[in-house]
Amino acid sequence: MTVQELPGAGASHRFTPPAWSPRTDAAPLLPDPEPYRVLGTPAADGLDPELMRRCYAELVRGRRYNAQATALTKQGRLAVYPSTVGQEACEIAAAMVLEERDWLFPSYRDTLAAVARGLDPVQALTLLRGDWHTGYDPREHRIAPLSTPLATQLPHAVGLAHAARLRGDDVVALAMVGDGGTSEGDFHEAMNFAAVWQAPVVFLVQNNGFAISVPLAKQTAAPTLAHKAVGYGMPGRLVDGNDIAAMHEVLSEAVRRARSGGGPTMIEAVTYRMEAHTNADDATRYRSDAEVEAWKAHDPVALLERELTARGLLDAEGVQAAKDAADAMAAALRDGMNADPVLDPMDLFAHVYEEQTDRLREQAEMLRAELEAGNE
């Protein structure tokens, strides 16, 4: 039994508090000491061939999407693009494990996850083009607006999931964030509320090594980011973020747990950002070419291709079919982005408030009058 001394009190004024014990056994919440892997391990014997072939096709499509979006920035069709080359397994798996009724809460880097969930690639890139609001209807697609402010989507995910449970809706929210976002207050607030409310939320942290130019070691002294989950009272999982089989398994388990009332899970996916933070960044200023080359040996597309080929689950015809489908997607994306958008200046006043304020109505009328005068 702990003996404490009141601040400022003399030694004769000691008191003995009631017996204290942890509310939760921490052991089941702790992550594995090493990232969980499936590919290249005996666990790969149980792979579902059809699921893995689908994963492969999506990975190839995702890699091609990244390449095309990067090219569009160089052509001036996109203002900026945060690439997910090297992180495709995280993005694809996050989209694949959700049911249609579930919600995805992406960060600004997660356009590929939105595309994998079924969003038109042109709509996914509209925000980064600077054309029109989010670029899609979040309610239609069950994809929250792409979040440029770091980690603000996490409390939103918790709120939606908690509200859905109160209504009796069988809905899970999957919220994505980078390692840099875990240094934001919104991350901690979301984790705490999710655990206290036992909200059906899955937090996917893509640890890609850098918060722009800041390495993880300068952000946290925790053994892993997954360990942070224990402090809030939820399980933390550490998984190889480039192993799509492992990602799909761990995320699926977390979604099932959340849907069945088991509460939230935090998953740290250890991956790597192969390209610069955005096209406006010079990554050579803070990391070496040798480091990037070392990670190329753990490329998520190549990892799965090698596994499936070695097991006789993928042949040259399957590889070519995946490439052809990816090229067709890229061609459609180019055509869509090369078409000049038709913009309505009055959209400035749409989707600001459910009911426009008097001030907004006044501003809208002023703009409408100026536009009409200019057309005369």
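Each value, and the rule that gives it
- Numbers given to residues run from 1 along each chain, matching the order in which its sequence is written.
- Two thresholds apply to this predicted model, a pLDDT of at least 70 for residue-level local features and 80 or more for giving and counting side-chain atom pairs, whereas whole-chain, interface and lining totals are computed over all residues.
- By convention in this description, side-chain values take in all heavy atoms of the structure and omit both hydrogens and water.
- Every helix listed is a DSSP run of H or I at least four residues long, and every strand listed is a run of E at least two residues long, numbered separately from the N terminus.
- Relative accessibility decides the category of a residue: with a 1.4 Å probe and only protein chains considered, values under 20% of the type maximum give buried, values over 50% give exposed, and everything between is partly exposed.
- When checking whether two residues touch, look at their non-hydrogen atoms; a contact exists if any pair is within 4.5 Å.
- Note on areas: Shrake-Rupley, 1.4 Å probe, and residue coverage restricted to the protein chains presented here.
- Asp and Glu count as negative and Lys and Arg as positive, but His and the ends of the chain are not part of the count.
- A single reference atom marks each charge: NZ on Lys, CZ on Arg, CG on Asp, CD on Glu.
- The salt bridge definition used is simple: a Lys or Arg side-chain nitrogen within 4 Å of an Asp or Glu carboxyl oxygen.
- Here, strands pair whenever DSSP counts at least two bridges between them.
- Each axis is a line fitted through C-alpha atoms, taken for helices only over the stretch in contact, and angles between the N-to-C directions span 0 to 180 degrees.
- A patch consists of residues exposed above 30% relative accessible area that lack any salt bridge, with like charges linked at up to 9 Å and nonpolar side chains (Val, Leu, Ile, Met, Phe, Trp, Tyr) linked at up to 5 Å.
- Roughly parallel refers to an angle under 35 degrees, roughly antiparallel to one over 145, roughly perpendicular to one between 65 and 115, and oblique to any angle outside these ranges.
- A clockwise turn of the near helix away from the far one marks a right-handed crossing, whereas an anticlockwise turn of less than a right angle marks a left-handed crossing.
- When residues are sorted by character, Ala, Val, Leu, Ile, Met, Phe, Trp, Tyr, Cys and Pro go into the nonpolar class, Asp, Glu, Lys and Arg into the charged class, and all the rest, Gly among them, into the polar class.
- The method works on a 1 Å grid over the protein atoms by themselves. A cavity is a set of points holding a 1.4 Å probe that cannot get out, a pocket is an open set with protein on both sides within 12 Å along at least five of seven lines, and residues with an atom within 4 Å of a point line them.
- Grid points are joined across faces, edges and corners, and a volume is the space filled by probe spheres set on the points.
- Each aromatic pair joins two rings of Phe, Tyr and Trp (for Trp, the six-membered one) with centres within 6.5 Å, and gets the label stacked for planes under 30 degrees apart, edge-to-face for over 60, and tilted for any other angle.
- The rule is short: NZ of Lys or CZ of Arg within 6 Å of the ring centre and within 35 degrees of the ring normal puts a charge over the ring.
- Scored from 0 to 100, pLDDT records how confident the predictor is in each individual residue.
- What a helix should span is 1.5 Å times the count of its residues minus one.
- N or O atoms closer than or at 3.5 Å make up a polar contact, with two conditions inside protein: a donor-capable atom paired with an acceptor-capable one, and, for residues adjacent in sequence, both atoms drawn from side chains.

The next thing to look at is the overall build of the chain. Assigned secondary structure in the chain consists of 13 helices and seven strands. In terms of its C-alpha atoms, the chain occupies a principal-axis envelope of roughly 90 × 65 × 50 Å. Relative to its full complement of 376 residues, the chain shows a buried share of 46%. Taking as baseline every contact in the chain between residues at least 6 positions apart, the subset at least 24 positions apart corresponds to 74%. Element-wise, carbon and sulfur atoms account for 53% of the exposed surface of the chain, whose accessible area totals about 18500 Å². Mean positive and mean negative side-chain charge positions of the chain (35 and 54 charges, respectively) differ by 3 Å.

What follows deals with the pattern of salt bridges. Counting across every chain of the model gives 21 salt bridges. Across the pair Glu50 and Arg53 runs a salt bridge whose closest N-O atoms are separated by 2.5 Å. Of this pair, Glu50 and Arg53 both sit in helix α1 (residues 49-74), three residues apart, which is roughly one turn of the helix. The exposure class assigned to Arg53 is partly exposed, which follows from its relative accessible area of 30%.

This part takes up the sheet that holds strand β6 (residues 236-240). Strands sit in the order β1-β2-β3-β7-β6 across an open sheet of five strands; the sheet is parallel. The open sheet terminates on both sides in strands that have one partner only, identified here as β1 (103-105) and β6. The sheet shows a mean angle of 20° between the axes of neighbouring strands, direction not considered. With five bridges joining them, β6 and strand β7 (residues 265-270) adopt parallel strand pairing. Each residue of the ladder has a partner; that of Asp240, found in β7, is Val270.

Take a nonpolar patch on the surface next. Among the surface-exposed residues, Phe193, Val196 and Trp197 lie close enough to one another that they form a single nonpolar patch of about 300 Å² accessible area. Along the polypeptide, Trp197 turns up in helix α7 (residues 185-197).

With that out of the way, let us pick up the packing of helix α4 (residues 121-129) against helix α12 (residues 316-338). With their axes 10 Å apart at the nearest point, α4 and α12 run at an angle of 45° to one another. Regarding the angle of α4 to α12, the classification is oblique. Considering how the two elements wind past one another, α4 and α12 form a crossing that is right-handed. Across the interface between the two elements, Pro121, Val122, Leu125 and Arg129 of α4 pack against Met329, Leu333, Gly336 and Met337 of α12. When the residues that make up the contact of α4 with α12 are grouped by side-chain class, the tally is six nonpolar, one polar and one charged.

Bringing the side chain of Thr278 into the picture now. Note that Thr278 resides in the loop between β7 and α10 (289-296). Overall, the relative accessible area of 13% leaves Thr278 in the buried class. Setting aside residues up to four positions removed in sequence, Thr278 forms contacts with Val80, Tyr81 and Pro82.

Attention shifts here to unusual backbone geometry. Most of the time, phi is negative for any residue but glycine, and the peptide bond is trans. Despite not being glycine, Gln198 has its phi angle at roughly 50°, a positive value. Turning to its location among the elements, Gln198 is positioned in the loop between α7 and β3 (201-207). The phi angle at Ile212 is positive, at roughly 55°, despite the residue not being glycine. Within the secondary structure, Ile212 is located in the loop between β4 (210-211) and β5 (214-215).

Quick look at the layout of surface pockets now. Estimated volume of the largest pocket: approximately 530 Å³. Lining the largest pocket we find 20 residues, and of these Thr134, Pro138, Arg139, Ala144 and Pro145 sit closest to its centre. Among the elements of the structure, β1, α5 (138-141) and α6 (153-167) are those that each provide at least two residues to the lining of the largest pocket. Here the element with the most residues in the lining of the largest pocket is α6; it accounts for three residues. For the lining of the largest pocket, a count of residues per class yields 10 nonpolar, eight polar and two charged.

With that out of the way, let us pick up the packing of aromatic side chains. Per the counting criterion, the structure on display carries five aromatic pairs. Considering the side-chain rings of Tyr65 and Tyr81, the 6.2 Å spacing of their centres and the 80° angle between planes classify their relative orientation as edge-to-face. Of this pair, Tyr65 sits in helix α1 while Tyr81 sits in the loop between α1 and α2 (88-96), placing them 16 residues apart in sequence. For Tyr81, a relative accessible area of 3% puts it in the buried group. Ring geometry for Tyr272 versus Trp295: centroids 5.0 Å apart, planes at 10°, classification stacked. Taken together, the residues Tyr272 in the loop between β7 and α10 and Trp295 in helix α10 connect sequence positions 23 residues apart. When the ring centre of Tyr36 is taken as reference, the NZ or CZ atom of Arg237 above it lies at 5.9 Å.

Okay, the confidence of the model for the chain next. Looking at the chain, pLDDT values average 93 and 95% of them are 70 or higher. Contacts for the low-pLDDT stretch residues 1-6, under 50 throughout, to residues beyond four places or in other chains number 15 contacts.

With 16 residues, helix α9 (residues 244-259) should reach 22 Å at 1.5 Å per residue; the first-to-last C-alpha distance of 22 Å fits that figure. Of the residues that open α9, the one with a side-chain oxygen 3.1 Å from the backbone nitrogen of Ala245 is Asp243. Gly261 occupies a position one or two residues after α9 and carries a positive phi of about 95°.

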